[in-house]
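Read off the chains here:
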Amino acid sequence: KLKNITPQMKRLKVQASLNGSELAAITTVLQASMAVKNFFARLAEKKVQLRTVPDLVDRLTTIPTITKRLVQSIDPDGHVNDEASSHLHGVRQLIVKTENEIHQQMQRYTLGRNAKYLSDPIVTVRNNRYVIPVQVQYRSRFGGVVHDQSASGQTLYIEPASVVDYNNRLRQAQVEEHQAVLEVLAELSSLISPYRTDIAANANILGHLDFINAKARLAKDMKASLPILSENNAVVLRKAKHPLIPADQVVANDIKLGGQQSA
């Protein structure tokens, strides 16, 4: 489904970096432009004759290399993929590795003899740090940092000393990931900025083609026929039906206006 990309085009004009969702919307327009071009190219190969539509299609601009880069980098929901850059891919691998190491360390508390001192044998997150919920009366049995307390005051969310370094490493990797994502978004915005006028024109053309398609589908559903325009202002409608009355209720009528007869 195509979205209005006018705000994105205005932001590109002032050299702003677009976010993932904005780039995803532009990617959809570029993909649709290529698909429409290819579709009508296949029709031309089959010698299918159309009237004005090919003129519209010829005005579509396609940029396959950049479109491919966008598709590789941005999900339809605007998420930046790991493959967007080698730097981002490496940082996300480090995040996964560090989180696994943290959970392995935490198993000493959630699965070992210390589990009985926890409110629940689970690992949770407070202040972007992995912690365990410790019953308040057993606080002295655990080193580390207290990050939060339950509403009842009976549970403390503690970051054990053994995972502090891992959490520090994870937080640093998360900051680096955020920066890598921003770099990707800036790069992709810079790539498409020179084509912003063409992309905006594509969106308008695709919208018009969609309107034409909607009219054609409606005409087919209604079993409508293409009118022949009269040169002497006469109107002759055969078995005409009101388009807003349900098909099982409407009554067809012949209508003639102009010339020597009016009915």
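Look above for the structure.
What counts as what
Residues numbered from 1 in each chain as written. Predicted model: local features only at pLDDT ≥ 70, side-chain atom pairs only at ≥ 80, totals over all residues. Heavy atoms only, no water. Pairing = 2+ DSSP bridges. Helix = DSSP H or I, 4+ residues; strand = E, 2+ residues; numbered from the N terminus. Axes fitted to C-alpha atoms, helices over the stretch in contact; angles between N-to-C directions. Contact = heavy atoms within 4.5 Å. Buried < 20%, exposed > 50% of the residue type's maximum accessible area, 1.4 Å probe, protein only.

Draft legend 1. Main features of the sheet that holds strand 3 (residues 145–149). The strand order across the open sheet formed by 4 strands is 1-2-4-3, and the pairing between neighbours is antiparallel. Strands at the two margins of the open sheet, each flanked by one partner only, are strand 1 (124–126) and strand 3. Each adjacent strand pair in this sheet contributes to an overall mean axis angle of 50 degrees, direction not counted. The pairing of strand 3 with strand 4 (residues 155–159) spans 4 bridges and is classified as antiparallel. What sits directly across from V145, in strand 4, is E159. Seen against the sheet, helix 6 (residues 161–192) touches strand 2 (129–135) and strand 4 and runs at an angle of roughly 150 degrees to strand 2.

Draft legend 2. Fine view of the environment of A32. In this structure, A32 sits in helix 2 (residues 20–45). Given a relative accessible area of 21%, A32 falls into the partly exposed group.

Draft legend 3. Structural detail: the environment of Q31. One can find Q31 in helix 2. Residue class for Q31 comes out partly exposed when judged on its relative accessible area of 39%. The spatial distance from the C-alpha of Q31 to the C-alpha of V71 is 8.6 Å, given a sequence separation of 40 residues.

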